[in-house]
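# Coordinates in review
The residues making up each chain are set out below.
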Amino acid sequence: FFSMLVVLTEQHKKDLALFAELPPAALAEFAKIAVEFLRHGANPKIYSGAAQKLNVSPTDVKGAVEALSFVFAECAKNNINDIDFMDTLLVLAFPQEINEGLKNMYEKYKKEMRSILAELSFGLPHYDNISWRLDVQVASRTLNKQVEPIFTIKLETLEPEHKVRYLQTDIVNLKHIVAELERALQELKSAHCRRIIRNVK
């Protein structure tokens, strides 16, 4: 038998320190917001509302929510039990009442969080290789000097077995596909996507 603990960064510790200054009753609200963060991402409006009620800054609320969502997600993903969850919190030196409150919230939302993480990590085909050929019809019996470039694409994926697909497209649609892929790559660099990827690794 061995323990499994979540390792917290110094920034996590700093952000979570807010809970030591708040009434224990506030933990339930923070836990709910943290679960919503995992499902839908950041919500500045909710942060502002919570900050006003607790008389703290929205930035502090945001940091605490994101740090708590990390702890919850990592623990839920690894199916950590309540004892190891409590041991994870030891480095924060919280009063026992705070630790118990966070443990109760973790147990309450654990099943829901595991479901959210499972939805976010569904299997998709993985890119393996791509090759292409350009075919150009320069004329036909009915039309002279006709130019119709067509790209034939061989796409190889792993899902998990190796699969090969052949696709054909013209230059207009190919440009649209490239633009959409570039947009997706940019979105992947966003802070929200990085947090999701970190949580479901």
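All figures in this text were calculated on a predicted structure; none of them were measured in a lab.

Moving on: the environment of P23. Here P23 shows up in the loop between α1 (10–16) and α2 (26–40). Linking P23 and E97, residues 74 residues apart in sequence, is a C-alpha distance of 10.0 Å.

This part takes up the pattern of salt bridges. It is possible for side chains of opposite charge to pair when their charged atoms get near one another. Tallied over the full model, the rule gives 7 salt bridges. R183 is the salt-bridge partner of E180, the closest N and O atoms lying 3.0 Å from each other. Linking E180 with R183, this pair stays in helix α7 (residues 171–188), spanning 3 residues, or about one helical turn. Among the residues examined, E180 registers a relative accessible area of 34% and is labelled partly exposed.

The next thing to look at is unusual backbone geometry. In this structure, N79 is a non-glycine residue whose phi angle is positive, near 55 degrees. Judged by relative accessible area, which is 45%, N79 ranks as partly exposed. Look at A93: it is not a glycine, yet its phi comes out positive at around 55 degrees. In this fold, A93 is placed in the loop between α5 (82–88) and α6 (96–120).

If you trace the backbone, E119 turns up in helix α6. For the pair formed by E119 and R39, sequence separation is 80 residues and the distance between their alpha carbons is 9.5 Å.

Conventions we followed
Counting restarts for each chain, with residues numbered from 1 along the sequence as it is written. Given that this is a predicted model, residues contribute local features only at a pLDDT of at least 70 and side-chain atom pairs are listed and counted only at 80 or more, while totals for whole chains, interfaces and linings are drawn from all residues. Side-chain figures throughout are based on the complete set of non-hydrogen atoms in the structure, without hydrogens or water. Strands here mean DSSP runs of E at least two residues long; helices mean DSSP runs of H or I at least four residues long; both are numbered from the N terminus. By definition, a salt bridge exists where a carboxyl oxygen of Asp or Glu is found within 4 Å of a side-chain nitrogen of Lys or Arg. Any residue under 20% of the maximum accessible area for its type is buried, any over 50% is exposed, and the rest in between are partly exposed; the area is computed with a 1.4 Å probe on protein chains only.

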